[in-house]
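Coordinate analysis (summary)
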Amino acid sequence: MGQWAGVILAAGTGTRMKSSVPKALHPVCGKEMIRYPVELLRQLGIDQITVIVSPDNSRDVGALLGNEVEYAVQAEPLGTGDALLQAREYLAGKADNLLVMYGDTPLVRYDTVKQMTAAHVNPGVVMSILVTSVPAVNDLGQVLRDQSGRITSIVEAAEREHDPHSPGEINGGVYCFSDSWVWDNLESIAPGSNGERYLTSLAAAAAGQDVIGVESQDIGELRGVNNRVQLAQVESELRSRIRHEWMLSGVTMADPDSVFIDADVSIGQDAVLLPNTMLLGKTTIGTACEVGPGSVIRDSFVGAQCRVTASMLEEATLEDGVHVGPFSHLRPGAYLGAGVHVGNFAEIKESRLGSGAVMGHFGYLGDASVGANANLGAGMVTCNYDGQNKNRTVIEADAFVGCDTMLVAPVKVGVGAATGAGAVVTSDVPPGRLAIGVPAKIRRFETDAD
Ligand code: UD1
Ligand code: MG
């Protein structure tokens, strides 16, 4: 598509957000807003991306995007035109065309921008603008045309006198510019009534040259975020788009509106998401899983054919065929091998359960390793914290931990060993032995021959 460079403007004050968090870093569907245009430009094959940041947000934005992009600092928020000007020394002459996006319009679609870039490379075009017609122009820039339909200017809300609820054609805030033309004209933009130099003034500066409006088919994708009400609207729009795409790729949702799926989640075919379920962060759900009702899963990997009922998973890993819940909590580092069954009111943290292990009832497993097919009884607790250090518990394969056993770590229950109900185990239980009492004494099983 010819040579392109990208610029993302994110140096505004974001005053209307009333937030100590930079606007570009507010998440939409679990992903910071600024990452949407960055990923879109990358998807279009544009490698040279400059993000305009402010002295206030440069550290946070830089920490998020690292060196996948370049940065230019706009010393003062003197408007979108002034913001783009900051990229001149990095970009002028580097590419034939420039694609400019804002850090606060995360819904713009790949196909739309692709179509814009194709229209822009027609001979004579110096500026292309993403536009659409809306029932109320509200706080957006309004596109004005002459009788022949040529764009003559964009009028900003601050400069308008008429009713913001009147219908009109609006500027979606995505632009293509011819490289030499934009740098030649940016500096001559006159400030608006509030002292800002509007990038949108370039539409009038191009009189006699070709400025084209590329029409979006979907008003929703042009929504920007200037305040928290718009943040909620954008979030809701993207959530329904995400659900729609997953349903079309083979995921069942009985009540889609009650299911929240973040942008970076991946879901296998024939998964069933029951009402009031949230899949957050970088979560992967395998094929044919049943999740919910009422499950919250964040940054976790769930294998195929698992069932997670009314439970919470955070940074947990489930191999295939695992069942969890209702009402259990898997915290960071919980790793459940194939076919593990965790029932109700269990809490598991930083622990690995071998395949086929069972923890059917309430209890706490922390900093532990559990062998295959071990059975952990109701009320079992790993006493992993002595007030200063976290200590590990090892429960080997085929062990049977009796109800209400307290395993005082560091401690090990050997292969095939068992503990009696209510045992307080303070020393290792050798393989094949039984531990009973408080503190537990080590015995042979009654069935063992002396
Ligand atoms: C802008 C457009 C408007 C358009 C709307 C689409 C201008 C003047 N107006 O209005 O025509 O309909 O977006 O959503 O461009 N920024 C800077 N430096 C600044 C000011 C802003 O980098 O000095 C950045 C902001 O961080 C933001 C973007 O530019 O990411 C747009 O600024 P914003 O204040 O949100 O403009 P809008 O009022 O939404
Ligand atoms: Mg905006």
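Here the structure is a predicted model, which means the values were calculated and not measured.

**Overview of the nonpolar core**
- Leu-318, Leu-336, Leu-365 and Ile-395 are the most contacted members of the largest nonpolar core, which totals 60 residues.
- Those elements that provide at least two residues to this core are helix 8 (228–248), strand 28 (346–349), strand 32 (368–370) and strand 38 (411–413).
- If you look at the next biggest cluster of nonpolar residues, it comprises 34 residues, including Ala-72, Met-127, Ile-151 and Ala-206.

**Some words on the coordination of the magnesium ion (ligand 2)**
- Those donors, Asp-104 (OD) and Asn-226 (OD1), are the protein atoms that reach the magnesium ion (ligand 2), and they lie 2.1 to 2.3 Å from it. One end of the pair, Asp-104, is in the loop between strand 6 (97–102) and helix 5 (110–120); the other, Asn-226, is in the loop between strand 11 (210–215) and helix 8, with 122 residues separating them in the sequence.
- Given a relative accessible area of 12%, Asp-104 falls into the buried group.
- On the accessibility criterion, Asn-226 (11% relative accessible area) is buried.

**Section: the packing of aromatic side chains**
- Scanning the entire structure with this criterion turns up 4 aromatic pairs.
- With a centroid separation of 5.7 Å and 15° between ring planes, the pair formed by Tyr-175 and Phe-177 is classed as stacked.
- The exposure class of Tyr-175 is buried, given its relative accessible area of 0%.
- The interplanar angle of 20° and the centroid separation of 6.4 Å between the aromatic rings of Phe-177 and Trp-181 together place this pair among those described as stacked. Accessibility assignment for this pair places Phe-177 and Trp-181 in one class, buried.
- Here a set of aromatic residues connected by ring pairs shows up, and it is made of Tyr-102, Tyr-175, Phe-177 and Trp-181.
- Across the ring face of Tyr-36, the terminal group of Lys-31 is positioned such that the distance to the ring centre comes to 4.8 Å.
- One residue, Lys-390, lies across the ring of Tyr-385, its end atom 5.3 Å from the ring centre.

Cut-offs and rules
- Residues numbered from 1 in each chain as written.
- Chains lettered and ligands numbered in written order.
- Predicted model: local features only at pLDDT ≥ 70, side-chain atom pairs only at ≥ 80, totals over all residues.
- Heavy atoms only, no water.
- Core = buried A, V, L, I, M, F, W, Y, C linked by side-chain atoms within 4.5 Å.
- Buried < 20%, exposed > 50% of the residue type's maximum accessible area, 1.4 Å probe, protein only.
- Helix = DSSP H or I, 4+ residues; strand = E, 2+ residues; numbered from the N terminus.
- Donors = N, O, S within 2.8 Å, 3.2 Å for Na, K, Ca; no water.
- Phe/Tyr/Trp six-rings, centres within 6.5 Å; stacked < 30°, edge-to-face > 60°.
- Lys NZ or Arg CZ within 6 Å of the ring centre and 35° of its normal.

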